[in-house]
Amino acid sequence: MAKLKLVLRIIVGLLLAACSAGALLLSLPPYGFWPFALIGLAPMLFAQYRILPLRLANFAPAIGIGGFIGLVILSHFPTALIDQSPSLKFLTPGVMLSV
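By convention here, each chain's residues receive numbers from 1 onward along its written sequence. In keeping with the predicted nature of the model, local features appear solely for residues at pLDDT of at least 70, side-chain atom pairs appear and are counted solely at 80 or more, and the whole-chain, interface and lining totals rest on all residues. Side-chain figures throughout are based on the complete set of non-hydrogen atoms in the structure, without hydrogens or water.

Chemist: Can you break down the packing of helix α3 (residues 42–51) against helix α4 (residues 59–76) residue by residue, with the values?
Modeler: The description of two packed helices rests on the angle between their axes and on the distance between the axes. Note on geometry: axes are lines fitted to C-alpha atoms, helical ones only across the stretch in contact, with angles between N-to-C directions running from 0 to 180 degrees. Runs of E in the DSSP output that reach at least two residues are strands. Runs of H or I that reach at least four are helices, and both are numbered from the N terminus. Contact geometry of α3 with α4 gives a least axis separation of 8 Å together with a crossing angle of 165°. The angle between α3 and α4 places the two elements in the roughly antiparallel class. The interaxial crossing formed by α3 with α4 has right-handed handedness. Two secondary-structure elements touch here, α3 through Met-44, Ala-47 and Gln-48 and α4 through Ala-60, Pro-61, Gly-64 and Ile-65. Split by residue class, the contact of α3 with α4 holds 5 nonpolar, 2 polar and no charged. For this classification, under 35 degrees means roughly parallel, over 145 means roughly antiparallel, 65 to 115 means roughly perpendicular, and everything else is oblique. Handedness of a helix crossing follows the sense of rotation of the near helix relative to the far helix, less than a right angle counterclockwise being left-handed and clockwise being right-handed. Contact criterion: two residues are considered in contact whenever any of their non-hydrogen atoms come within 4.5 Å of each other. Residues are grouped as follows: Ala, Val, Leu, Ile, Met, Phe, Trp, Tyr, Cys and Pro are nonpolar; Asp, Glu, Lys and Arg are charged; all remaining types, including Gly, are polar.

Quick look at the structure:
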């Protein structure tokens, strides 16, 4: 039971960090939901300091900030990375994010 609770805390913490990246992305143009900029970091910080175990707490800012930067690069420059390399032309931006 304790193992299941730990796994649930990890999953919820990582999802909150990912939601933080999405909220920060939606606060920028062309989406323009500017109130998300005011509360965008709160889920990531809550996951880091209150939900995730101490050993995994550094994954929250890594996913939150790294995911935000990756999403911004892929949303504003979707083909910039793919057009430069002929071997990467078959990859979609979603696959590029995971690479």
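Chemist: Pulling in residues and values, what's your account of the environment of Leu-25?
Modeler: Within the secondary structure, Leu-25 sits in helix α1 (residues 2–26). Taking C-alpha positions, Leu-25 is 8.6 Å from Phe-36, a pair spaced 11 residues apart along the chain. Apart from residues no more than four positions distant in its own chain, Leu-25 is found in contact with Tyr-31, Phe-68, Leu-71, Val-72 and Ser-75.

Chemist: Mind laying out the confidence of the model for the chain, listing which residues take part and the relevant values?
Modeler: In the predicted model, the chain carries a mean pLDDT of 84, and 78% of its residues have values of at least 70. The pLDDT value tells you how sure the predictor is about a given residue, anywhere from 0 up to 100. When pLDDT is averaged over each helix and strand of the chain, the minimum, 55, is found for helix α6 (residues 93–98) and the maximum, 95, for α3.

Chemist: So, the packing of α1 against α3: which residues are in play, and what are the values?
Modeler: For the pair α1 and α3, the least separation of the axes is 7 Å and the interaxial angle reads 155°. As far as their axial angle goes, α3 and α1 are roughly antiparallel. As for how α1 packs across α3, the hand of that crossing is left-handed. Contacts between α1 and α3 involve Arg-9, Val-12, Gly-13, Leu-16, Ala-17 and Ser-20 from the first element and Pro-43, Met-44, Phe-46, Ala-47, Arg-50 and Ile-51 from the second.

Chemist: Please give an account of a nonpolar patch on the surface that cites residues and values.
Modeler: Patches draw on residues past 30% relative accessible area with no salt bridge. Two like charges within 9 Å are joined, as are two nonpolar side chains (Val, Leu, Ile, Met, Phe, Trp, Tyr) within 5 Å. Where accessible areas are quoted, they stem from the Shrake-Rupley method and a 1.4 Å probe; at the residue level, only the protein chains shown are allowed to cover. Each salt bridge in this description consists of a side-chain nitrogen of Lys or Arg and a carboxyl oxygen of Asp or Glu lying within 4 Å of one another. The grouping of Tyr-31, Phe-33, Trp-34, Phe-36, Leu-38 and Ile-39 at the surface amounts to a nonpolar patch, some 700 Å² of accessible area in total. Among the structural elements, Leu-38 can be located in helix α2 (residues 35–39).

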